Structure formats: C-alpha cells, structure tokens
Amino acid sequence: MTEEQKQELKYFVRIANTDLDGNKPIQHALTKIKGVSFMFSNAILNTTKIDKTKKAGYLSDNETTKIDEIIKEPLKFGIPS
C-alpha cells in the first residue's frame, strides 16, 4: 500500500483561510488561493519538497502548516518577491 492509500482523503483542506478541493493535485489546488499563481505554487512545493502530483487531501498537518507559513512570509524561506 502506498502512503496515500493508508491515509484517509480529506475532501477539503484549509490553507491561508481558503478551502481547497482535496481531490485535486496540490499544485493546482494552491492556485485557488488569492495571490498564488502557478509559478508561486511551484516555488512553494519545491521549497517544502512536496510532490506536485500529491492530492491536496492527503497532505499531513505539518505539510499544510509549512505551506501556510510560506504563503504568509515567502521572503523568509528564500522565495523572491
């Protein structure tokens, strides 16, 4: 069994005060947040080393917290403005 099959899918994931669809790949789901473009989403996932094709519903609490922190303060994590 893969890691995704062991963990239960959450249908909604809350990141940056926005509900994201848990069935979508995280790279596309992040673009639903106001101010997050496809390229910014890509930079976030490269910084956190999260697989871009991983469904948003399978993210752990630590991963969602890390993404939330990066969205709030990208310069702190080395993402240029």
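Residues numbered from 1 in each chain as written. Predicted model: local features only at pLDDT ≥ 70, side-chain atom pairs only at ≥ 80, totals over all residues. Heavy atoms only, no water.

1. Describing the side chain of Q27
- As for its placement among the helices and strands, Q27 is situated in helix α2 (residues 26-29).
- On the basis of relative accessibility, which here comes to 10%, the residue Q27 falls in the buried class.
- Once you skip the residues sitting within four places of it in the chain, Q27 turns out to touch F38, S41, N42, L45 and K52. (Helix = DSSP H or I, 4+ residues; strand = E, 2+ residues; numbered from the N terminus. Buried < 20%, exposed > 50% of the residue type's maximum accessible area, 1.4 Å probe, protein only. Contact = heavy atoms within 4.5 Å.)

2. Some thoughts on helix α4 (residues 61-72)
- Compared with the 16 Å implied by 1.5 Å per residue over 12 residues, the 17 Å span of α4 between its first and last C-alpha is a close match.
- Here α4 has its buried residues at T64, I67, I70 and I71. Buried residues of α4, seen end-on, are gathered within an arc of 125 degrees and therefore sit on one face of the element. With respect to the buried face of α4, the exposed residues turned more than 90 degrees away are D61, N62 and K72. (Expected span 1.5 Å × (residues − 1). Arc of directions from axis to C-beta.)

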